[in-house]
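# Understanding the architecture of this molecule
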Amino acid sequence: MFDRSNLFTLDYSVVADISVMAICICCSIFLIQSYLRGSGRIKSIIGMMICIFASAITNIFSHALINTNNHNIHVYIFRAMHNLSILGVLILYINYISTPLWLDDKKKKRYLLLAS
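Read on for an overview of the structure. Please read all numbers here as calculations on a predicted model, not as lab measurements.

## Structural notes on the packing of aromatic side chains
In this description, a pair of aromatic rings is defined by centroid distance and the angle of the planes. Applying the stated criterion across every chain yields a total of 1 aromatic pair. Centre to centre, the rings of F61 and F78 are 5.5 Å apart; their planes meet at 45°, and the pair counts as tilted. Remark: F78 occurs in helix α3 (residues 73-98) and F61 occurs in helix α2 (residues 40-67); sequence separation between them is 17 residues. A residue is classified by how much of its surface remains accessible, and F78, at 21% relative accessible area, is partly exposed.

What follows is the structure, encoded as structure tokens:
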């Protein structure tokens with residue numbers, strides 16, 4: 001998949017994505033162990049961690065396919081999944097901060113539309 005000669009193709013290194021995946025796993029384990037009951041807020045945080053993890057995986061796969069010089073539809077599918085994962089993080093974060101900011105449904109929808 002990645003060899004030493006093309007590890008930094010297009011100024012990309014797989015090390016950062018693997019580090020992000022490891023940090024997401026550690027943070028998710030710590031969050032699950034520290035909360036006694038599963039509330040909506042902890043599920044939102046875990047959902048954000050899953051979206052970040054999925055984004056890192058799809059980024060690795062898309063760059064691996066770019067390095068093979070076999071540019072087919074799979075590259076675009078992985079890039080779209082990467083972008084949708086990042087959008088999922090944004091939507092979950094807006095839902096997460098709507099409670100402490102006391103946003104009603106109208107303002108919450110406005111934040112979601114402006115962010116998207």
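Still more to cover.
## Some words on α2
Helix length check: α2, at 28 residues, gives a terminal C-alpha distance of 41 Å against a target of 40 Å (1.5 Å per residue), a fit within 8%. Positioned one or two residues after α2, N69 has a phi angle of 60°, which is positive.

## What to know about a nonpolar patch on the surface
A cluster of nonpolar residues, I73, Y76, I77 and M81, forms a patch on the protein surface that exposes about 420 Å² of accessible area. Along the chain, I73 falls in helix α3. On the accessibility criterion, I73 (54% relative accessible area) is exposed.

## A closer look at the packing of helix α1 (residues 14-34) against α2
The geometry of α1 relative to α2 is characterised by a closest axis approach of 9 Å and an angle of 160° between their N-to-C directions. Compared by their axis directions, α1 and α2 come out roughly antiparallel. Considering only the axes of α1 and α2, their crossing is left-handed. Listed contacts from α2 to V14, D17, I18, V20, M21, C24, I25, C27, S28, L31 and I32 of α1 are I42, I45, I46, M49, I52, F53, A56, I57, N59 and I60.

## A short note on the side chain of T58
In this structure, T58 sits in helix α2. Take T58: its relative accessible area is 5%, and that puts it in the buried class. A polar contact is formed between the side chain of T58 and the backbone oxygen of S55, at a distance of 3.0 Å.

## What about the nonpolar core?
In summary, soluble globular proteins display a tendency toward joint burial of nonpolar side chains. Core analysis: the biggest nonpolar cluster contains 7 residues, these being C24, L31, I42, I45, I46, M48 and M49. Secondary-structure elements contributing two or more residues to this core are α1 and α2. Here this core gets 5 residues from one element, more than from any other, and that element is α2. What I42 contacts, discounting residues up to four positions off in sequence, is L31, Y35 and R37. Formed by 5 residues, the second largest nonpolar core is a distinct cluster that contains V14, M21, A56 and I60.

Conventions and cut-offs
- Residues numbered from 1 in each chain as written.
- Predicted model: local features only at pLDDT ≥ 70, side-chain atom pairs only at ≥ 80, totals over all residues.
- Heavy atoms only, no water.
- Phe/Tyr/Trp six-rings, centres within 6.5 Å; stacked < 30°, edge-to-face > 60°.
- Helix = DSSP H or I, 4+ residues; strand = E, 2+ residues; numbered from the N terminus.
- Buried < 20%, exposed > 50% of the residue type's maximum accessible area, 1.4 Å probe, protein only.
- Expected span 1.5 Å × (residues − 1).
- Patch = residues over 30% accessible without salt bridge, like charges linked within 9 Å, V, L, I, M, F, W, Y side chains within 5 Å.
- Areas by Shrake-Rupley, 256 points an atom, 1.4 Å probe, with all protein chains shown as cover.
- Salt bridge = Lys/Arg side-chain N within 4 Å of Asp/Glu carboxyl O.
- Axes fitted to C-alpha atoms, helices over the stretch in contact; angles between N-to-C directions.
- Parallel < 35°, antiparallel > 145°, perpendicular 65-115°, else oblique.
- Left-handed = near helix turned anticlockwise from the far one by under 90°.
- Contact = heavy atoms within 4.5 Å.
- Polar contact = N/O pair within 3.5 Å; in protein donor to acceptor, adjacent residues only side chain to side chain.
- Core = buried A, V, L, I, M, F, W, Y, C linked by side-chain atoms within 4.5 Å.

Remember, this is a structural readout, not a statement about activity or role.
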